[in-house]
Amino acid sequence: MQGVARKVEFYRHSLTDEDIAEVADALRGVFLTTGPRTAAFETALANYLGIGEAVGLSSCTDALFLCLKALGAGAEHGDEVITVPMTFIATPNTILQAGAVPVFVDVERDTGNIDVDAVERAITPRTRGVMPVHLYGTMVDMTRLADLCRRRGLFLIEDAAHTLEATRDGVRPGELGDAVCFSFYATKNLTCGEGGAVATNNPEIARIVRMLRQHGMSKSAAERYTGRYQHWDMVDLGYKANMSDIQAALLIKQLPRLAAQLDRREAIARRYEEAFADMPGIQFPRVPRTARSARHLFTIWVPPEYRDETVWQLQEDGIGVAVNYRAVHLLTYYRERYGFSRGAFPIAERIGDSTITLPLYPKMLDEDVEAVVAAVRRVAAKWSRS
Ligand SMILES: Cc1ncc(COP(=O)(O)O)c(C=O)c1O
């Protein structure tokens, strides 16, 4: 029997006293809701990305939904939006919530990202757009996908919940799509617990998302309560999805630290890749040569028959793990409501049945990383014996 293994949590954030001081400042100020700090964060995010405009929201789910609305998905009965089943449920759910039909296509075997050839085959006269997911931190082949969308007159909304810092072929998230959506959920590389944003080079999309995030009102709270009173109007049926200045305060000082944190994430991921390269039965997604991954999640793919047992064994060994993701089309709602069954998207299913996410965050010490490697090695040794 091994000695007691080192406990490694699945995730720990990297917030600092500087971030906390900024929130304290916000709390002493006037605007707790969307105000000058949200505006400052939006400018900083747009500058970071090299994109025209960013709009702060309450989540990535809202970002996806409002982009679909802004681009007219679901305006006509039967509108279709192509996406992947290898993602978090938010992606296809927002398509349904917008009144459109999610059309799933399978993913690439080596990256888990959308298969652009499969997108082309899935286009019908009802297709309005494509919503790819930059899975785990590695961007999809945006050059090919954007070219296809342009040729076929389809909108392109990028789900970049995992992928803020990435590049691929010199392209960044949001550069080629109509709009890109980010998450600042508790475990994301940039976090304020709950939060999100849309970034776009299209001022009209930014204007509509801004209006829809606040009930379709013609003026924001800052515009209504500063200067001489002016009536506001409701110009469209909107929603409630604005970012608050408290969230923005927590985010803004993190942006300059992202580059150094990405270096640490990269080093940890490379250590995992090196350690698992020759371990029998273990595979992991490949980062294409021309890509820099945001290294949000590090997943291993193990033999499906051992996956759940491995998850439990790692937990027993004190290693925090997650499953990102079981294929969405096989979840009860999608199965029962839309009649999906096993075999529809074999690669996504294979990944969904074999995937385990390991701890990956800048605060991990080298000893933590080695504890994870050792724990995985111990479990993998059991499979080869059985
Ligand atoms: C791929 C993907 N898309 C969308 C979302 C939704 O993000 P949020 O929780 O900010 O709504 C997530 C959240 O984890 C995600 O992983």
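This write-up is about the structure you can find in this document. It should be emphasised that the depicted structure is a prediction, and the values quoted were computed from it without experimental measurement. Here the residue numbers are simple positions, counted from 1 along each chain's written sequence. Local features in this predicted model are restricted to residues of pLDDT 70 or higher, and side-chain atom pairs are both shown and tallied only at a pLDDT of 80 or more, whereas totals for entire chains, interfaces and linings draw on every residue. Processing note: side-chain calculations cover all non-hydrogen atoms of the structure and skip hydrogens and water entirely.

Some details on the site of the ligand
Now for step 1: Each residue is tested against the molecule or strand, and it is near if at least one of its non-hydrogen atoms lies within 4 Å. Every one of the 16 residues lining the ligand counts as a neighbour, but Thr-61, Asp-159, His-162, Ser-183 and Lys-188 are closest to it.
Now for step 2: One nitrogen or oxygen atom from the side chain of Thr-61 is found 2.5 Å from an oxygen atom belonging to the ligand.
Now for step 3: Ser-183 is positioned such that a nitrogen or oxygen atom in its side chain is 2.7 Å from an oxygen atom of the ligand.
Now for step 4: Look at the ligand: alone it shows 390 Å² of surface, and the protein chains cover 93% of it.
Now for step 5: When atom positions are compared with the pocket grids, the ligand is found to occupy the largest pocket.
Now for step 6: Contributing elements (two or more residues each) for the shell around the ligand: helix H3 (60-70) and helix H4 (90-97).
Now for step 7: Residues are grouped as follows: Ala, Val, Leu, Ile, Met, Phe, Trp, Tyr, Cys and Pro are nonpolar; Asp, Glu, Lys and Arg are charged; every other residue, Gly included, is polar. Among the residues making up the shell around the ligand, the classes are represented as 7 nonpolar, 7 polar and 2 charged. Polar contact is the term for a pair of N or O atoms within 3.5 Å; when the atoms are in protein, one must be able to donate a hydrogen and the other to accept it, and sequence-neighboring residues count only if both atoms are side-chain atoms. The Shrake-Rupley method, run with a 1.4 Å probe, gives the accessible areas here. Residue values count only the displayed protein chains as cover. Here a cavity denotes a set of grid points, spaced 1 Å apart and computed over the protein atoms alone, in which a 1.4 Å probe fits but from which it cannot get out, and a pocket denotes an open set meeting protein on both sides within 12 Å along at least five of seven lines; residues with an atom within 4 Å of a point are reported as lining. Here the criterion for a molecule occupying a pocket or cavity is that more than half of its atoms lie within 2 Å of the pocket grid points. Secondary structure counts use DSSP, requiring at least four H or I residues in a row for a helix and at least two E residues in a row for a strand, with both numbered from the N terminus.

Remarks on the layout of surface pockets
Now for step 1: Empty space within the largest pocket amounts to approximately 440 Å³.
Now for step 2: Surrounding the largest pocket, 25 residues form its lining, Phe-88, Ser-183, Tyr-185, Lys-188 and Tyr-325 being those nearest its centre.
Now for step 3: Taken together, the elements giving at least two residues each to the lining of the largest pocket come down to H3 and H4.
Now for step 4: For the lining of the largest pocket, the element with the highest residue contribution is H3, accounting for 3 residues.
Now for step 5: Classifying every residue of the lining of the largest pocket gives 12 nonpolar, 10 polar and 3 charged. Grid points are joined across faces, edges and corners, and a volume is the space filled by probe spheres set on the points.

With respect to the sheet that holds strand E8 (residues 196-200)
Now for step 1: Here, any two strands with at least 2 DSSP bridges between them count as paired. Here 7 strands make up an open sheet; going across it, the order is E1-E8-E7-E5-E4-E2-E3 and the pairing mixed. The outermost strands of the open sheet, each flanked by one partner alone, are strand E1 (53-57) and strand E3 (101-104). Put simply, the sheet's adjacent strands are angled 25 degrees from each other on average, direction ignored.
Now for step 2: Bridging between E1 and E8 involves 5 bridges; their strand directions are antiparallel. Bridge assignment links Gly-56 to a residue of E8, and that residue is Ala-197.
Now for step 3: Between two residues, a contact is recorded if the distance between any of their heavy atoms is within 4.5 Å. Think of each axis as a best-fit line through the C-alpha atoms, taken over the contacting stretch in the case of a helix, with angles from 0 to 180 degrees between the N-to-C directions. In this fold helix H2 (residues 36-49) packs onto E1, strand E7 (179-183) and E8, with an angle of close to 130 degrees to the strand it touches most, E1.
Now for step 4: Across the sheet, H4 is in contact with strand E2 (80-83), E3 and strand E5 (155-159); its angle to E3 comes to roughly 145 degrees.

Some points on the packing of aromatic side chains
Both the distance between ring centres and the angle between the ring planes are used here to describe each pair of aromatic rings.
Now for step 1: For Phe, Tyr and Trp, rings pair up if their centres lie within 6.5 Å, where Trp contributes its six-membered ring, and each pair is then called stacked (planes under 30 degrees apart), edge-to-face (over 60) or tilted (otherwise). Per the stated rule, a full pass over the model turns up 16 aromatic pairs.
Now for step 2: Ring centres 5.6 Å apart and planes at 80 degrees place the aromatic pair Tyr-333 and Tyr-334 in the edge-to-face group.
Now for step 3: Look at Tyr-334 and you get buried, because its relative accessible area is 2%.
Now for step 4: Measuring from centroid to centroid gives 5.9 Å for Tyr-334 and Tyr-338, while their planes differ by 35 degrees, and the two rings are tilted. Taken together, the positions of Tyr-334 and Tyr-338, both in helix H12 (residues 332-338) and 4 residues apart, correspond to about one turn of that helix.
Now for step 5: Criterion for a charge above a ring: Lys NZ or Arg CZ within 6 Å of the ring centre, and within 35 degrees of the ring normal. Between Arg-172 and the ring centre of Tyr-48, over which it is positioned, the NZ or CZ distance is 5.3 Å. Burial status follows relative accessibility: with a 1.4 Å probe on protein chains alone, a residue under 20% of its type maximum counts as buried, one over 50% as exposed, and anything between as partly exposed.

Quick word on the side chain of Glu-266
Now for step 1: Following the sequence through the fold, Glu-266 ends up in helix H10 (residues 258-276).
Now for step 2: Owing to a relative accessible area of 12%, Glu-266 belongs among the buried residues under this scheme.
Now for step 3: Here Arg-295 takes part through its side chain, which lies 3.1 Å from a polar atom of the side chain of Glu-266.
Now for step 4: In contact with Glu-266, not counting residues within four places along its chain, are Arg-292, Ser-293 and Arg-295.

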